[in-house]
Amino acid sequence: NTDTYSLRERKYADIPSEFVANDSGIMLFSFDEHEKADKIIILGDIYNHGPRNPLPEEYSPMQVASALNQVKNKLIVLKGNCDSVVDTYISEFDFNENLVLVENGKSIFLSHGHVYNKDAMPKTNYNAVIYGHFHKAFIERVNDTIIANPGSISLPKDGIKAYLIIENNQIILKNTKGELLTKELI
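Numbers given to residues run from 1 along each chain, matching the order in which its sequence is written. Local features are withheld for residues below a pLDDT of 70 in this predicted model, meaning they are given only at 70 or higher, and side-chain atom pairs are given and counted only at 80 or more; totals for whole chains, interfaces and linings count all residues. Excluded from the side-chain calculation are hydrogens and water; included are all heavy atoms of the structure.

Things to note about the pattern of salt bridges
Inclusion rule: The working definition used for a salt bridge is a side-chain nitrogen of Lys or Arg within 4 Å of a carboxyl oxygen of Asp or Glu. The helix and strand labels rest on DSSP assignments: H or I over at least four residues marks a helix, E over at least two residues marks a strand, and numbering proceeds from the N terminus. Buried residues are those whose accessible area, probed at 1.4 Å on protein chains only, stays under 20% of the maximum for their type, while exposed residues exceed 50% and partly exposed ones sit between those limits.
Per the stated rule, a full pass over the model turns up three salt bridges. Where K72 meets E92, a salt bridge forms, and the shortest distance between an N and an O atom there is 2.9 Å. Here E92 lies in the loop between α4 (85–89) and β5 (98–103) and K72 lies in the loop between α3 (61–70) and β4 (75–77), a separation of 20 residues in the sequence. By relative accessible area, which is 33% here, K72 ends up partly exposed. With a closest N to O distance of 3.4 Å, R141 and E184 form a salt bridge. Placement of the pair is R141 in strand β8 (residues 137–142) and E184 in strand β12 (residues 180–185), with a sequence separation of 43 residues. The class for R141 is partly exposed, based on a relative accessible area of 40%.

Next comes the structure, spelled out in structure tokens:
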């Protein structure tokens, strides 16, 4: 299932769930105040990150849920391959399989990444495809489509702790210090 959101002149922060995992939501609120995003997109695997990704000792899914529930009206959450029905019981927001944002006539496909990614693109053409799952931050253009991944804040596989911003027909990749890494016009 793919839902469509029509959104105009808004700022979206696309962050991996690990952004809130380390400090029980403190980083989420600090990030939200710094970027002043209208919506926060989380690309899945919110409470569990799979057996190949060790979690910090201080990690507490219940504290993460509490922090996210406090900003539930700002959240757009995608379901990851490690998210389950049980996760919805502690969440006051919906988990979506895939979503399409429409901003200024441009379509942006959002997915966790375990099904759709740069090696397995959706059949429909979109101006941009954004996904998580691989914990590697990048933005690249393939033909007329922007493909992007915010990477991971706490478990980066490429050493880059980063997130994406979608604003003014651009996809912007920043590190956790807020420094610009790269950007592309949609």
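Remarks on the nonpolar core
Within soluble globular proteins, side chains that are nonpolar tend to cluster in buried spots. The cut-off we apply is this: As used here, the term nonpolar core means buried Ala, Val, Leu, Ile, Met, Phe, Trp, Tyr and Cys residues forming a set that is joined through side-chain atoms within 4.5 Å. In this description, contact between two residues means that some pair of their heavy atoms is separated by no more than 4.5 Å.
Judged by nonpolar contacts, the single largest core of 20 residues is most densely connected at I41, I108, L110, I130 and I171. Counting residues per element, the ones that place at least two in this core are β5, β6 (106–111), β7 (128–131), β8, β9 (145–150), β10 (162–167) and β11 (170–175). The dominant element in this core, judged by the number of residues it contributes, is β10, at three residues. The contact partners of I108, leaving out residues within four places of it in the chain, are L99, V100, L101, E103, A128, I130, I166 and I186. Formed by 13 residues, the second largest nonpolar core is a distinct cluster that contains Y47, A65, V71 and F95.

Brief notes about the environment of P51
Inspection of the secondary structure puts P51 in the loop between β3 (39–42) and α3. Of the residues examined, P51 reaches a relative accessible area of 87% and is grouped as exposed. For P51 and C82, which are 31 residues apart along the polypeptide, the C-alpha to C-alpha distance reads 9.6 Å.

Remarks on the pairing of β10
The line we're drawing: Between any two strands, pairing holds if DSSP finds at least two bridges.
For β10, the tally of buried residues reaches five of six residues, placing the bulk of the element in the interior. Sheet topology places β10 next to β11; six bridges connect them, and they run antiparallel. Directly across from I165, in β11, lies its bridge partner I172. Between β10 and β11, which pair antiparallel and follow one another directly, the connecting turn spans two residues, one of which, N168, has a positive phi of 50°.

A word on the environment of I40
As for its position among the elements, I40 is in strand β3. Separated by 35 residues in the primary sequence, I40 and L75 place their C-alpha atoms 4.9 Å from one another.

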